[in-house]
Amino acid sequence: MSEETELATVAMHEAGHVVVSHYYRRRVFGAKIGDHDSRHDRSVVRFELTPHVNEIHLRLDELDELWPLAVRETLVTTRIRFAGPVAQAIYQKRPYREVHGGQDYRDALIELLLLEKLRLSLPRAQHLDVSYKHENVLDTVAEDIIDLMVDREYINYVGRIARGLIENQELSARQIEDLLQDMPVHDWDA
């Protein structure tokens, strides 16, 4: 793979994280692409982590309202983590299962395990929604992202972010916001 192709692949990967974060209304604090040979200058997207999870133990009287949000938002975080490898797979025209997702796949699994650990620490754990434990949950998450990104509109936004990363190596929250300002976002009420 040429250096130019590798740079474009990395940019598409990181752009996938950015677009899916924005789509689900998660703040993106910045993105950069770095030298994959260097341990200290890696590509990264910094986004708002899963809301509603840290407050559950402090608000047990609202568990019936907070738990569904924690499940929903953890699955959103899982989608954001998977979005990089999926965008990369689309760019490379390969099945996402053939793309090395490495840390992204590991982080997605950790998110789900942390949710399960939280559930087990709560009162009435056996009565709480465990849909995130379905054996095909990761395939479902990947399919959701593929469905979004094969939509011409969204893959164009991935391309915008990727081009910005290639040109600048790094994008701030403001630059990302400008590039995605007209992108339709997920409607939780629909």
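A few points on the structure. (Residues numbered from 1 in each chain as written. Predicted model: local features only at pLDDT ≥ 70, side-chain atom pairs only at ≥ 80, totals over all residues. Heavy atoms only, no water.)

**Looking at the packing of helix α1 (residues 3-23) against helix α4 (residues 137-149)**
- Packing of α1 against α4 leaves a shortest axis separation of 12 Å and a crossing angle of 90°. As the angle between them shows, α1 and α4 are arranged roughly perpendicular. Only Ile-145, Leu-148 and Met-149 of α4 make contact with α1, whose side of the interface consists of Gly-16, Val-20 and Tyr-23.
- Residue composition of the contact of α1 with α4, by class: five nonpolar, one polar and no charged. (Axes fitted to C-alpha atoms, helices over the stretch in contact; angles between N-to-C directions. Helix = DSSP H or I, 4+ residues; strand = E, 2+ residues; numbered from the N terminus. Parallel < 35°, antiparallel > 145°, perpendicular 65-115°, else oblique. Contact = heavy atoms within 4.5 Å. Nonpolar A, V, L, I, M, F, W, Y, C, P; charged D, E, K, R; others polar.)

**Notes on the pattern of salt bridges**
- For the structure on display, the rule yields 14 salt bridges.
- The closest approach of N and O atoms between Glu-55 and Arg-59, which form a salt bridge, is 2.5 Å.
- Across the pair Arg-81 and Asp-107 runs a salt bridge whose closest N-O atoms are separated by 3.8 Å. Of this pair, Arg-81 sits in helix α2 (residues 63-92) while Asp-107 sits in helix α3 (residues 102-120); the two residues are 26 residues apart in sequence, bridging distant segments of the chain. In this pair, the class of Arg-81 matches that of Asp-107, namely buried.
- Among the charged side chains, a network of salt bridges with common partners joins Arg-26, Arg-72 and Glu-73. (Salt bridge = Lys/Arg side-chain N within 4 Å of Asp/Glu carboxyl O. Buried < 20%, exposed > 50% of the residue type's maximum accessible area, 1.4 Å probe, protein only.)

**As for the sheet that holds strand β2 (residues 44-47)**
- The strand order β2-β1-β3 describes an open sheet built from three strands, whose pairing is antiparallel. Each of the sheet's edge strands pairs with one partner strand only, and the pair in question is β2 and β3 (170-172). Between one strand axis and the next, the sheet turns through 10° on average, direction left out of account.
- One ladder, built from four bridges, connects strand β1 (residues 28-32) with β2; its direction is antiparallel. Paired with Ala-31 across the strands is Val-45, a residue of β2.
- Contacts between helix α5 (residues 152-168) and the sheet are confined to β1 and β3, with β3 contributing the most and set at about 115° to the helix. (Pairing = 2+ DSSP bridges.)

**Overview of the packing of aromatic side chains**
- Inspection of the entire model under this criterion finds five aromatic pairs.
- Through pairs of rings, three or more aromatic residues link up here, namely Tyr-23, Tyr-24, Tyr-154 and Trp-188.
- Just above the ring of Trp-188 sits the side chain of Arg-72; from NZ or CZ to the centre is 3.9 Å. (Phe/Tyr/Trp six-rings, centres within 6.5 Å; stacked < 30°, edge-to-face > 60°. Lys NZ or Arg CZ within 6 Å of the ring centre and 35° of its normal.)

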